[in-house]
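Next come the chains, spelled out residue by residue.
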Amino acid sequence: MGDNVVAVKITEDNTLRNSKYVKGVQYLVENGVKQIPDVYIQPPHQLVNLTKFVRSNEIPVIDLAGLNDDSRSGVLAGIKNACDRWGFFQVINHGVPVRVVEQMMDVARRFHELPTEEKMVHYSAYPSEPHRFQTIFNLEKQTVLEWRDNLEQKCYPPPEDDNWLKNPIGYRDAAMDYSREVRKLAKVLLAAMSEGLNLSSDALEKCLGDEFTQIFLINYYPPCPNPELVLGVNSHSDRGALTVLLQDEIRGLEVFNEGNWFEVKPLANAFVINVGDETEVLSNGIYKSVAHRAIRKIGDVARITIASFCNPTLEAKIGPIAELTEVNPPLYKEHHFSDMVRYVRSRYYDGKSGLDNFKLPNKS
Ligand SMILES: O=C(O)CCC(=O)C(=O)O
Ligand SMILES: [Fe+2]
């Protein structure tokens, strides 16, 4: 059945842009949807078996408290191994105050629980907006929709006061505090990841341009009447340098590794960190940017995550760092981050990574 979704008639002019689906999945849920519209049904090769056991204890958990004592070299080695072997790890004792995280989660939830009309004030198809509510990643290319709504907010360089939402109340302060703390953490991680490559601690950050940019996505995955037919987020890799993800206690994030999916188990007071495509390039393939997806499990509680993307500036020139090409030849072509963004936007992410476009032919 899912194979036929391409042929589903979406609107009179058959464009998603003009369809009712732009209002999001929470809108469908509030209107009592009993059976999901066909346009949300994944093709058979993407369908998830929700009853299958998924391993969930393997993604490394790293205690960052050790960075400040004599276990530092062990922590650096742990981060290096995680970036190389998994492209993912969780961090605890990361220094972001619990209060800041709780306030952010609170406004995140209150935003997505607003009436649809109030969220739609911020709807936009244009990625250049300082913030926008959206549910469809690529209005031109996508044929199957995901069971997720999200609010995208640019947070660095810091937007003007008017470019933070006024509704829900408290959003601006919570979002500003949260982004500032996440930025501090990202800097600590980039330094540790640089040292893990035997480079100076500022090596990775320096490659991202004058000051790396930061955007967050507040993802909202409402309960679904047919969770076995949908994906919250299709398999993809993150295009930038580093992602700092906050997930609530509802399971759903899965990471691909050597032919299997592994769950990233929700842990209290932790962040999930993953390597982005451009860090794989800079590290000349030592650190891996890996495919991950969010599934919607059976259950009647919405799942909320906040993904903070730390990205190079558009003008930054990204290529393998010279010291890392002395033994192994460069695996990737040098490019501007804007080339990566343009390439990723030109297509729908369907499990393939944006990196494929920048790989150099393997000479061995
Ligand atoms: O919500 C999640 O668990 C993952 C979200 C994600 O991968 C993304 O927004 O890029
Ligand atoms: Fe992602």
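Use the structure listed above.
Read on for a plain summary of the structure. (Residues numbered from 1 in each chain as written. Chains lettered and ligands numbered in written order. Predicted model: local features only at pLDDT ≥ 70, side-chain atom pairs only at ≥ 80, totals over all residues. Heavy atoms only, no water.)

1. Things to note about the sheet that holds strand E12 (residues 303-311)
Strand order in this open sheet of eight strands is E1-E2-E10-E7-E12-E5-E4-E3, and the pairing throughout is mixed. Each edge of the open sheet is held by one strand with a lone partner, namely strand E1 (61-63) and strand E3 (131-134). Strand after strand, the sheet turns through a mean of 25 degrees between neighbouring axes, direction not considered. Examined bridge by bridge, strand E7 (residues 242-247) and E12 share six bridges and lie antiparallel to one another. Each bridged residue has a counterpart across the sheet, and for Gln247 the counterpart in E12 is Thr305. Together, strand E2 (88-92), strand E4 (149-156), strand E5 (213-221), E7, strand E10 (271-275) and E12 form the strand contacts of helix H5 (residues 171-196), whose direction differs from that of E5 by roughly 115 degrees. (Pairing = 2+ DSSP bridges. Helix = DSSP H or I, 4+ residues; strand = E, 2+ residues; numbered from the N terminus. Axes fitted to C-alpha atoms, helices over the stretch in contact; angles between N-to-C directions. Contact = heavy atoms within 4.5 Å.)

2. Comments concerning the site of ligand 1
Taken together, 13 residues surround ligand 1, and among them Tyr221, His236, His292, Arg303 and Thr305 come closest. His236 is positioned such that a nitrogen or oxygen atom in its side chain is 3.0 Å from an oxygen atom of ligand 1. Thr305 places a side-chain nitrogen or oxygen 2.7 Å from an oxygen atom of ligand 1. Taking 300 Å² as the accessible area of ligand 1 by itself, protein coverage stands at 96%. When contributions to the shell around ligand 1 are tallied by element, the ones reaching two or more residues are E5 and E12. (Near = heavy atom within 4 Å. Polar contact = N/O pair within 3.5 Å; in protein donor to acceptor, adjacent residues only side chain to side chain. Areas by Shrake-Rupley, 256 points an atom, 1.4 Å probe, with all protein chains shown as cover.)

3. Section: the environment of Asp248
Inspection of the secondary structure assignment puts Asp248 in the loop between E7 and strand E8 (253-257). For Asp248, a relative accessible area of 7% gives the class buried. Considering only alpha carbons, one finds Asp248 and Ile36, 212 residues apart in sequence, at a separation of 25 Å. If we skip the residues at most four places from it in the chain, Asp248 touches Met105, Arg109, Pro266, Ala302, Arg303 and Ile304. Within polar-contact distance, the side chain of Asp248 engages the backbone nitrogen of Ile250 at 3.0 Å. At a separation of 2.9 Å, a polar atom in the side chain of Asp248 contacts the main-chain amide nitrogen of Ile304. (Buried < 20%, exposed > 50% of the residue type's maximum accessible area, 1.4 Å probe, protein only.)

4. Here's the deal with the sheet that holds strand E9 (residues 260-263)
If you trace the four strands from one edge of the open sheet to the other, you get E6-E11-E8-E9, paired in antiparallel fashion. Each of the sheet's edge strands pairs with one partner strand only, and the pair in question is strand E6 (233-236) and E9. Taken over all neighbouring pairs, the strand axes of this sheet differ in orientation by 20 degrees on average, direction set aside. In this structure, E6 lies alongside strand E11 (residues 292-294), joined through two bridges in antiparallel fashion. Its bridge partner being in E11, Val233 is matched across the sheet by Ala294.

5. Some points on the pattern of salt bridges
Side chains carrying opposite charge are able to pair once their charged atoms draw close together. Taken as a whole and judged by the stated rule, the model has 18 salt bridges. The partner of Arg55 in a salt bridge is Glu58, with the nearest N and O atoms 3.1 Å apart. Arg55 sits in the partly exposed class, given a relative accessible area of 44%. Owing to a relative accessible area of 26%, Glu58 belongs among the partly exposed residues under this scheme. Arg110 is paired through a salt bridge with Asp106; the nearest N and O atoms lie 3.2 Å apart. Pair noted here: Arg110 and Asp106 are both in helix H3 (residues 98-112), with a separation of four residues, about one helical turn. Judged by relative accessible area, Arg110 falls into the partly exposed class, the value being 33%. (Salt bridge = Lys/Arg side-chain N within 4 Å of Asp/Glu carboxyl O.)

6. Considering the coordination of the iron ion (ligand 2)
Here the iron ion (ligand 2) is held by the protein donor atoms His236 (NE2), Asp238 (OD) and His292 (NE2), which lie 2.1 to 2.2 Å from it. Counting the intervening residues between successive donors of the iron ion (ligand 2) yields the motif H-x1-D-x53-H. The pair His236 / Asp238 is uniform in exposure class, with both members buried. (Donors = N, O, S within 2.8 Å, 3.2 Å for Na, K, Ca; no water.)

7. A word on H3
The end-to-end C-alpha distance of H3, which contains 15 residues, comes to 21 Å, matching closely the 21 Å that a straight helix rising 1.5 Å per residue would cover. Every buried residue of H3 is listed here: Val100, Val101, Met104, Met105, Val107, Ala108, Phe111 and His112. Along the long axis of H3, the arc covered by the buried residues comes to 165 degrees, so they all point the same way. (Expected span 1.5 Å × (residues − 1). Arc of directions from axis to C-beta.)

8. Topic: the packing of H3 against H5
Running from amino to carboxyl end, H3 crosses H5 at an angle of 135 degrees, the nearest separation of the two axes being 9 Å. Relative to H5, the element H3 is oriented oblique. Pair H3 / H5 crosses with left-handed handedness. Residues Val100, Val101, Gln103, Met104 and Val107 of H3 form the contact with H5, whose own contacting residues are Tyr171, Ala174, Ala175, Asp177, Tyr178 and Glu181. (Parallel < 35°, antiparallel > 145°, perpendicular 65-115°, else oblique. Left-handed = near helix turned anticlockwise from the far one by under 90°.)

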